[in-house]
Amino acid sequence: MTSTAIENALVINGVDKTFGATDRPAVLQDVSLQLARGEFLAVVGPSGCGKTTLLRIIQGLETATSGTVELPSTTGAAPRLSYVFQRSSLLPWFSVRKNVAFGISLKAGRDVHGSKVARDRAVDELLELTGLSPYADYLPNQISGGMQQRVNVARALAVRPDVLLLDEPFSALDALTRERLQVDICAILENLGTTAVLVTHDIREAVFMADRVAIMSAHPGTVRQIVEIDEPRPRTVAFQHSPELAEVERSIWRRLHPTV
Ligand SMILES: Nc1ncnc2c1ncn2[C@@H]1O[C@H](COP(=O)(O)OP(=O)(O)OP(=O)(O)O)[C@@H](O)[C@H]1O
């Protein structure tokens, strides 16, 4: 494997996807994307263009009809992927702490922490990083929707994923909670150097959080353009409401609505 390939955490090459019979229209066509380690890519596009299907193919929940998805490993160990969904997927009878720890025990066969002490320390650090320490002993139904999504992210990060997949993670939240989480999760991923792919309908969110935004079109779903976001990370609240962000947001919106 070349050093360029190893520097990439994810390489998607010419992925096509057709559900069912091959004479059905393709959902994805010739999708190619590369993510450098630590990079944050957002994917935007019209409803039904195949964004979730693409994440599911990366995760291995669907197989591509053709094309490849590679997760180059630097250590020889199998790469780890974590997925955060739109809605909270916490176990209601487990405390916040146990839910985060559960993320690790789920992948016990590939434990990255080595010992129980190291695992407990990793959970403590994640609770601290995500601002959840005061709520460690609460049950999911005793905390807000925003806090529940923090727990979901902490649980996904507990296995130290090589690539974190985020599928509309904030869309069920109110605007203020969403903005706060965008800032905090951005800072956490930057701090940990986590490579991430975010699927979102919210162009502003994509521009605020990502290093690059892939714009997809539908029928078939394909990557039309990739926009570099020329703003250092971690991103600040000032950038979230800046004219620069609004301008990039507008230009992506226009590309998604060429006839308006
Ligand atoms: N298991 C499946 N079987 C058949 N068709 C499917 C399956 N999963 C997805 N599709 C189809 O693939 C297309 C893309 O769906 P997908 O959910 O990936 O789009 P999306 O861009 O994420 O949409 P949205 O933005 O509305 O969430 C849709 O037409 C959908 O009906």
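Calculation rules
- Residues numbered from 1 in each chain as written.
- Predicted model: local features only at pLDDT ≥ 70, side-chain atom pairs only at ≥ 80, totals over all residues.
- Heavy atoms only, no water.
- Pairing = 2+ DSSP bridges.
- Helix = DSSP H or I, 4+ residues; strand = E, 2+ residues; numbered from the N terminus.
- Axes fitted to C-alpha atoms, helices over the stretch in contact; angles between N-to-C directions.
- Contact = heavy atoms within 4.5 Å.
- Near = heavy atom within 4 Å.
- Polar contact = N/O pair within 3.5 Å; in protein donor to acceptor, adjacent residues only side chain to side chain.
- Areas by Shrake-Rupley, 256 points an atom, 1.4 Å probe, with all protein chains shown as cover.
- Nonpolar A, V, L, I, M, F, W, Y, C, P; charged D, E, K, R; others polar.
- Phe/Tyr/Trp six-rings, centres within 6.5 Å; stacked < 30°, edge-to-face > 60°.
- Lys NZ or Arg CZ within 6 Å of the ring centre and 35° of its normal.
- Buried < 20%, exposed > 50% of the residue type's maximum accessible area, 1.4 Å probe, protein only.
- Parallel < 35°, antiparallel > 145°, perpendicular 65-115°, else oblique.
- Left-handed = near helix turned anticlockwise from the far one by under 90°.

In the annotation of an unreviewed UniProt entry, the entry for the protein reads ABC transporter ATP-binding protein, and the organism field reads Actinomycetospora termitidis.

Attention now goes to the sheet that holds strand β2 (residues 28-36). The three strands lie next to each other as β2-β1-β4, forming an open sheet whose pairing is antiparallel. Lying at the two open borders of the sheet, with one neighbouring strand each, are β2 and β4 (66-70). On average, each strand axis in the sheet is inclined to that of its neighbour by 10°, with strand direction left out of account. Here strand β1 (residues 8-17) runs beside β2; their pairing, made up of six bridges, is antiparallel. When the sheet's bridge partners are listed, Val 11 is paired in β2 with Gln 34. Relative to β1, helix α2 (residues 51-59) is tilted by about 120°, and along the sheet it contacts β1, β2 and β4.

Phe 19, Val 27, Pro 46, Ser 47, Gly 48, Cys 49, Gly 50, Lys 51, Thr 52, Thr 53 and His 201 make up every residue found near the ligand. Take Cys 49: an N or O atom from its main chain is 3.1 Å from an oxygen atom of the ligand. Coverage of the ligand by the protein chains reaches 56% of its 630 Å² of free accessible surface. Its residues placed into classes, the shell around the ligand shows four nonpolar, six polar and one charged.

A word on the environment of Leu 132. Assignment of secondary structure puts Leu 132 in the loop between α4 (116-129) and α5 (145-157). Sequence separation of Leu 132 and Gln 148 is 16 residues, and the distance between their C-alpha atoms is 9.6 Å. Leave out the neighbours within four places in its chain, and Leu 132 touches Val 96, Leu 127, Met 147, Arg 150, Val 151 and Ala 154.

Next up on the list: the packing of aromatic side chains. By convention here, two paired aromatic rings are described through the distance between centres and the angle between planes. Tallied over the entire structure, the rule returns five aromatic pairs. What links up through ring pairs into an aromatic cluster is the set Trp 93, Phe 94 and Phe 102. The ring of Phe 19 has Lys 17 lying over it, and the distance from NZ or CZ to the ring centre is 4.9 Å. For Lys 98, the ring lying beneath its charged end belongs to Phe 94, and the centroid distance is 5.9 Å.

As a further point, take the pairing of strand β8 (residues 212-217). Moving residue by residue along a regular strand, the side chains alternate between the two faces of the sheet. β8 sits mainly inside the fold: six of its six residues count as buried. Direction of pairing for strand β3 (residues 40-44) relative to β8: parallel, over a ladder of four bridges. Of the residues in β8, the one forming a bridge with Val 44 is Ile 215. Pairing of β8 with strand β9 (residues 222-228), which is carried by six bridges, proceeds in the antiparallel orientation. Looking across to β9, one finds that Ile 215 is bridged to Gln 225. The antiparallel pairing of β8 with β9 creates a hairpin that spans four residues between the two strands, and His 219 there sits at a positive phi of about 55°.

This brings us to the side chain of Asp 184. Checked against the element boundaries, Asp 184 lands in helix α6 (residues 175-192). Reaching out from Asp 184, the side chain makes a polar contact with the side chain of Arg 150 at a distance of 2.8 Å.

Mapping Val 84 onto the fold places it in strand β5 (residues 81-84). Val 84 gets classed as buried once you look at its relative accessible area, which sits at 1%. Beyond its immediate chain neighbours, meaning those up to four positions away, Val 84 contacts Gln 149, Asn 152, Val 153, Ala 156, Leu 164, Leu 165, Leu 166, Asp 167 and Pro 169.

Put simply, α5 and α6 touch, their axes get as near as 11 Å, and they point 15° apart. Relative to α6, the element α5 is oriented roughly parallel. Crossing hand, α5 versus α6: right-handed. From α5, Gly 146, Gln 149, Arg 150, Val 153 and Leu 157 reach across to α6, where they touch Thr 177, Arg 180, Leu 181, Asp 184, Ile 185, Ile 188, Leu 189 and Leu 192. Considering only residue class, the contact of α5 with α6 consists of seven nonpolar, three polar and three charged.

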